[in-house]
Amino acid sequence: MRARLDPTFSEFLLRIGDGKQEKNNNDSIRLSSYMIIPYKDNNISLQKLIKVVFPNIEDYPKNLHFMVNRAILTPKNDYVDEINNLLMNLFLSDSIKYYSFDETLDNTEQSFQEDFLNTFTPNGIHPHELILKQNCAVILLRNLNAP
C-alpha cells in the first residue's frame, strides 16, 4: 500500500527488484534511517512501531480511510495476535467477544476434546475467542459458509 502512496518508497522498491539498489560488503541493502525503528527491547520497540504506523489511533473513527491504508506485516501468526491485542487495547470503545463452535466427528468424545480443539488457531482461521471493538479494522479473507 505504501508503494502506491509514496513515490520515493516505490522507486526504492523498484531499484531493489531490478537489482540496481546499492549493496554493502555483506551483500545487504542499507535502509534509510527514516525506515528504521531503533531496537531497545521487544515491548518498547513494538510500541514505537505501532505509534509510527498508527499515529493518533484514537482519531481514526473520524478518518477510517487513513486507518485502512496502514498495516504491520509479520512473519508469524503469533506476532499477529500479539500486535492485534496491543492495537485493540488502544481503542477506547467496549469490546465484544465472539466464540467459535467446534465439534468432533464422534459426539461421545465432544466434552473431552472441545477445550483441546479451542486451543488451535490454524492459518486463515480466526481464534476461538475473537475480540472486536467498534471502529477496529477487520479483514474478511474468505467465507467458510459459502452456499
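Just above sits the structure.
Criteria and thresholds
Residues numbered from 1 in each chain as written. Predicted model: local features only at pLDDT ≥ 70, side-chain atom pairs only at ≥ 80, totals over all residues. Heavy atoms only, no water. Phe/Tyr/Trp six-rings, centres within 6.5 Å; stacked < 30°, edge-to-face > 60°. Helix = DSSP H or I, 4+ residues; strand = E, 2+ residues; numbered from the N terminus. Buried < 20%, exposed > 50% of the residue type's maximum accessible area, 1.4 Å probe, protein only. Expected span 1.5 Å × (residues − 1). Arc of directions from axis to C-beta. Contact = heavy atoms within 4.5 Å. Polar contact = N/O pair within 3.5 Å; in protein donor to acceptor, adjacent residues only side chain to side chain. Core = buried A, V, L, I, M, F, W, Y, C linked by side-chain atoms within 4.5 Å. Axes fitted to C-alpha atoms, helices over the stretch in contact; angles between N-to-C directions. Parallel < 35°, antiparallel > 145°, perpendicular 65-115°, else oblique. Left-handed = near helix turned anticlockwise from the far one by under 90°. Nonpolar A, V, L, I, M, F, W, Y, C, P; charged D, E, K, R; others polar.

**So, the packing of aromatic side chains**
A ring pair, where both rings are aromatic, is described by two values, the distance of the centres and the angle of the planes.
In step 1: Taken as a whole and assessed by the stated rule, the structure comprises one aromatic pair.
In step 2: Plain terms: the ring middles of Phe9 and Phe12 are 6.4 Å apart, the flat faces sit at 35° to each other, and that makes the pair tilted. Linking Phe9 with Phe12, this pair stays in helix H2 (residues 7-17), spanning three residues, or about one helical turn. Of the two residues, Phe9 and Phe12, neither departs from the other in class, the shared state being buried.

**Re helix H3 (residues 42-53)**
In step 1: Given a rise of 1.5 Å per residue, twelve residues ought to cover 16 Å, and the 16 Å separating the end C-alpha atoms of H3 matches this to within 8%.
In step 2: By the burial criterion, the buried members of H3 are Ser45, Leu46, Ile50 and Val53. The buried residues of H3 occupy one face: seen down the axis, they fall within an arc of 140°.
In step 3: Against the buried residues of H3 lie helix H5 (77-90).
In step 4: One side-chain oxygen at the N-terminal end of H3 lies 3.0 Å from the backbone nitrogen of Asn43; it belongs to Asp41.

**Observations concerning the environment of Lys51**
In step 1: Looking at where Lys51 falls in the secondary structure, it is placed in helix H3.
In step 2: Here Lys51 falls in the exposed class, since its relative accessible area comes to 60%.
In step 3: Between the C-alpha atom of Lys51 and that of Leu87, which follows or precedes it by 36 residues, the distance is 9.9 Å.

**Things to note about unusual backbone geometry**
If a residue is not glycine, its phi is most likely negative; likewise, a peptide bond is most likely trans.
In step 1: Positive phi outside glycine occurs at Asp27, with the angle close to 60°.
In step 2: Within the element layout of this structure, Asp27 appears in the loop between H2 and H3.
In step 3: Look at Asn56: it is not a glycine, yet its phi comes out positive at around 50°.
In step 4: Here Asn56 lies in the loop between H3 and helix H4 (64-68).

**Considering the side chain of Ser45**
In step 1: Mapped onto the elements, Ser45 comes out in helix H3.
In step 2: On the accessibility criterion, Ser45 (11% relative accessible area) is buried.
In step 3: Reaching out from Ser45, the side chain makes a polar contact with the backbone nitrogen of Lys40 at a distance of 2.9 Å.
In step 4: With near-sequence residues (within four places) excluded, Ser45 lies in contact with Ile37, Pro38, Tyr39 and Lys40.

**Some thoughts on the nonpolar core**
In step 1: Ranked by size, the top nonpolar core spans twelve residues in total: Leu46, Ile50, Val53, Phe54, Ile57, Tyr60, Met67, Ile83, Leu87, Met88, Phe91 and Cys136.
In step 2: Counting residues per element, the ones that place at least two in this core are H3 and H5.
In step 3: For Tyr60, the contacting residues outside a window of four places in its chain are Val53, Phe54, Pro55, Phe66, Met67 and Arg70.

**Concerning the packing of H3 against H5**
In step 1: Between H3 and H5, the shortest axis-to-axis distance is 11 Å and the interhelical angle comes to 60°. In terms of orientation, H3 and H5 fall into the oblique class. Taken as a pair, H3 and H5 cross one another with a handedness that is right-handed. Of the residues in H5, those in contact with Leu46, Gln47 and Ile50 of H3 are Glu82, Ile83, Leu86, Leu87 and Leu90.
In step 2: Classifying every residue of the contact of H3 with H5 gives six nonpolar, one polar and one charged.

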